[in-house]
Amino acid sequence: MAKASETVLEIDLLALEHNYRFFKSRIKQTTKFLGVVKAFAYGSDSVAIARKLEVLGADYLAVAYVSEGVELRKAGIKLPILVLHPLPVSFDNLITYNLEPNIYSIKILKDFLRVAKEKELNQYPIHLKFNTGLNRLGFTEIEVEVLTDMLNGQDRLEVVSMFSHLAASEDLNEIAFTEKQISTFQHITSIFLPKLKSRPMLHLLNTSGIINYEKAQYDMVRSGIGLYGFGNEAAIDAQLKPVATLKTVISQIHTIKMGQSIGYNMAYKAEADIVTATLPVGHADGIGRQYGNGKAYVTIQGQKAPIIGNVCMDMIMVNITGIDCKEGDEVIVFGKRPTAEEFASGAKTISYEILTGISQRVTRLVVDN
Ligand SMILES: *Cc1c(COP(=O)(O)O)cnc(C)c1O
């Protein structure tokens, strides 16, 4: 891959393909695969990722909001797209662009039914979400009765899937909680399905669910973070390839004398003579202040260079003492080493946050070979 000459987020579609095949190999051949491409495909490039997933044979895509699905449709993506968190204000667009809403409450169902009547829709696909313990979005068991009454008396909408979401599928200390979610889902589907006219798909598992609870794969699984190269555990990470690499360059090198300070508010004071590099990436690019003051490191020529002092809006300073490098050299902020997971954990956060937070100021460079 080409050396960076400015800050770029490189998106490796072959790594995506590798990760996709890894997760496909962990599920039954008959289980459908939904690729989660919300939030710019976890901060990468949703159109490039969606196109690649379409070519690879994924069955479904999911985004969080309608605007994200519209962007994919405008780019020519044909796969069915589930919108995980649609809001009534965007129902018009949702229908215009043939996106499929997650219906998660009686109010949302009423609102969507009203629009469906106005537009004279016929058997428009919807997905019903049930709350089994995350307590975020979804119907509960007591709503099954009113829900079936509302749905069975009409032909405007057709339930194509019924799903739920796990709260702690990556946490092996919470197996009992997850098993309870699985049995709650099983229970709700067993009372709901016989009342429905159609036989919707069932789905429950996210990335860590696929890894830890493969018995609950039902008709489809939904993977996000795993596709981008992270499995929430080291043994899985080792078998995946990071899709995104944040690269930058050394803008300037300084020799700092013992006792001198670096950056705003003199947050770092040199306790010996050191050499620093200033890099053109800062909190406006998604490298938040929590990564400063030694919490995270970047690599230069394969060697660790800790971020020192406070993160600035457009720059960071790193300690390059002892590293053989010069102005203009490439710097890996995260990618293979450190991984986004390692970079994030230094500041007590998770790969999901650092990846999705890389701002749109950073050029995306898609590589497919
Ligand atoms: C984001 C999301 C996923 C993907 O989760 P990962 O842990 O990234 O695999 C799956 N399902 C729902 C409902 C989500 O919101």
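These figures come from a predicted structure and were not determined experimentally.

Attention now moves to the pairing of strand 6 (residues 124-129). Most of strand 6 sits inside the fold, with 6 of its 6 residues counted as buried. Side chains of strand 6 alternate between two faces, with Tyr 124, Ile 126 and Leu 128 and Pro 125, His 127 and Lys 129 buried alike. Across 2 bridges, the pairing between strand 5 (residues 100-103) and strand 6 is parallel. Note on strand 6: the bridge partner recorded for Asn 102 is His 127. Examined bridge by bridge, strand 6 and strand 7 (residues 157-163) share 6 bridges and lie parallel to one another. Note that in strand 7 the partner of Ile 126 across the bridge is Val 159. The parallel pair strand 6 and strand 7, bridged by helix 7 (residues 144-152), forms a crossover whose chirality is right-handed.

Tallied over the full model, the rule gives 16 salt bridges. Between Arg 199 and Asp 219 there is a salt bridge; the shortest N-O distance is 3.4 Å. Of this pair, Arg 199 sits in the loop between helix 8 (175-192) and strand 8 (201-203) while Asp 219 sits in the loop between helix 9 (207-212) and strand 9 (220-223), and the two are 20 residues apart along the sequence. Using a relative accessible area of 56% as the deciding quantity, one classes Arg 199 as exposed. The exposure class assigned to Asp 219 is partly exposed, which follows from its relative accessible area of 25%. A salt bridge links Arg 361 to Asp 285; the shortest N-O distance between them is 2.8 Å. You can see Arg 361 sitting in the loop between helix 12 (351-356) and strand 19 (363-367) and its partner Asp 285 sitting in the loop between strand 14 (274-279) and strand 15 (297-300), a full 76 residues away along the chain.

Quick look at the site of the ligand now. What surrounds the ligand is a group of 14 residues, the closest being Lys 38, Tyr 42, Thr 207, Ile 225 and Tyr 352. At a separation of 3.5 Å, an oxygen atom of the ligand approaches a polar side-chain atom of Arg 136. For the ligand, whose free accessible area comes to 390 Å², the fraction covered by protein is 94%. For the shell around the ligand, the residue count by class is 5 nonpolar, 5 polar and 4 charged.

Let us now look at the domain arrangement of the protein. Its domain assignment divides the protein into domain 1 (31-228) and domain 2 (244-367). Averaged C-alpha coordinates put domain 1 and domain 2 at centres separated by 38 Å. The partner domain 2 presents 7 residues to the 8 residues of domain 1 that form the contact. Carbon and sulfur atoms supply 65% of the area that domain 1 and domain 2 bury against each other, a total of about 750 Å² over both sides. Considering only the surface of domain 1 that becomes buried against domain 2, Tyr 42, Gly 43 and Ile 225 emerge as the three largest contributors, covering 51% of it.

What follows concerns the packing of aromatic side chains. In the structure shown here, the tally under the stated rule is 11 aromatic pairs. Both rings, one in Tyr 20 and one in Phe 33, keep their centres 5.0 Å apart while their planes meet at 75°; by these two values the pair is edge-to-face. With a gap of 13 residues between them, Tyr 20 in helix 1 (residues 13-25) and Phe 33 in strand 2 (residues 32-36) connect regions that are remote in the sequence. Tyr 20 gets classed as buried once you look at its relative accessible area, which sits at 2%. A network of ring pairs unites the aromatic residues Tyr 42, Tyr 228 and Tyr 352 as a single cluster. A cation sits over an aromatic face here: Lys 304 above Tyr 297, 4.6 Å from the ring centre.

Between the first and last C-alpha of helix 8 there are 25 Å, a value that for 18 residues agrees with the 26 Å anticipated at 1.5 Å per step. When helix 8 is considered as a whole, its buried residues turn out to be Thr 178, Gln 181, Ile 182, Thr 184, Phe 185, Ile 188, Thr 189 and Phe 192. Projection of helix 8 onto a plane perpendicular to its axis shows the buried side chains occupying an angular sector of 160°, all on one side. In helix 8, the exposed residues that point more than 90 degrees away from the buried face are Ala 176 and Lys 180. Looking at the buried residues of helix 8, the elements they touch are strand 6, helix 7, strand 7 and strand 8.

Following the sequence through the fold, Ile 307 ends up in strand 16 (residues 303-308). C-alpha of Ile 307 to C-alpha of Thr 276: the two residues are 31 residues apart in sequence and 9.5 Å apart in space. Beyond its immediate chain neighbours, meaning those up to four positions away, Ile 307 contacts Tyr 291, Gly 292, Asn 293, Gly 294, Ala 296, Tyr 297, Ile 316, Met 317, Val 318 and Phe 343.

So, on to unusual backbone geometry. For the bond running from Arg 337 to Pro 338, omega is -5°, close enough to zero to count as cis. For Pro 338, the location among the structural elements is in the loop between strand 18 (330-334) and helix 11 (340-346). Despite not being glycine, Phe 40 has its phi angle at roughly 55°, a positive value. Turning to its location among the elements, Phe 40 is positioned in helix 2 (residues 38-43). Classification of Phe 40 by relative accessible area gives partly exposed; the value is 38%. Positive phi, normally seen in glycine, also occurs at Met 266, with a value near 50°. Judged by relative accessible area, which is 48%, Met 266 ranks as partly exposed.

Moving on: the environment of Arg 136. Among the structural elements, Arg 136 can be located in the loop between strand 6 and helix 7. Between the alpha carbons of Arg 136 and Tyr 104 there is a distance of 9.7 Å; along the sequence they are 32 residues apart. Contact partners of Arg 136, with chain neighbours within four places excluded, come to Lys 129 and His 165.

What counts as what
Residues numbered from 1 in each chain as written. Predicted model: local features only at pLDDT ≥ 70, side-chain atom pairs only at ≥ 80, totals over all residues. Heavy atoms only, no water. Buried < 20%, exposed > 50% of the residue type's maximum accessible area, 1.4 Å probe, protein only. Helix = DSSP H or I, 4+ residues; strand = E, 2+ residues; numbered from the N terminus. Pairing = 2+ DSSP bridges. Right-handed = clockwise from strand over helix to strand, strands pointing away. Salt bridge = Lys/Arg side-chain N within 4 Å of Asp/Glu carboxyl O. Near = heavy atom within 4 Å. Polar contact = N/O pair within 3.5 Å; in protein donor to acceptor, adjacent residues only side chain to side chain. Areas by Shrake-Rupley, 256 points an atom, 1.4 Å probe, with all protein chains shown as cover. Nonpolar A, V, L, I, M, F, W, Y, C, P; charged D, E, K, R; others polar. Domains from an automatic or database assignment. Contact = heavy atoms within 4.5 Å. Buried area = accessible area lost by both parts, 1.4 Å probe. Phe/Tyr/Trp six-rings, centres within 6.5 Å; stacked < 30°, edge-to-face > 60°. Lys NZ or Arg CZ within 6 Å of the ring centre and 35° of its normal. Expected span 1.5 Å × (residues − 1). Arc of directions from axis to C-beta.

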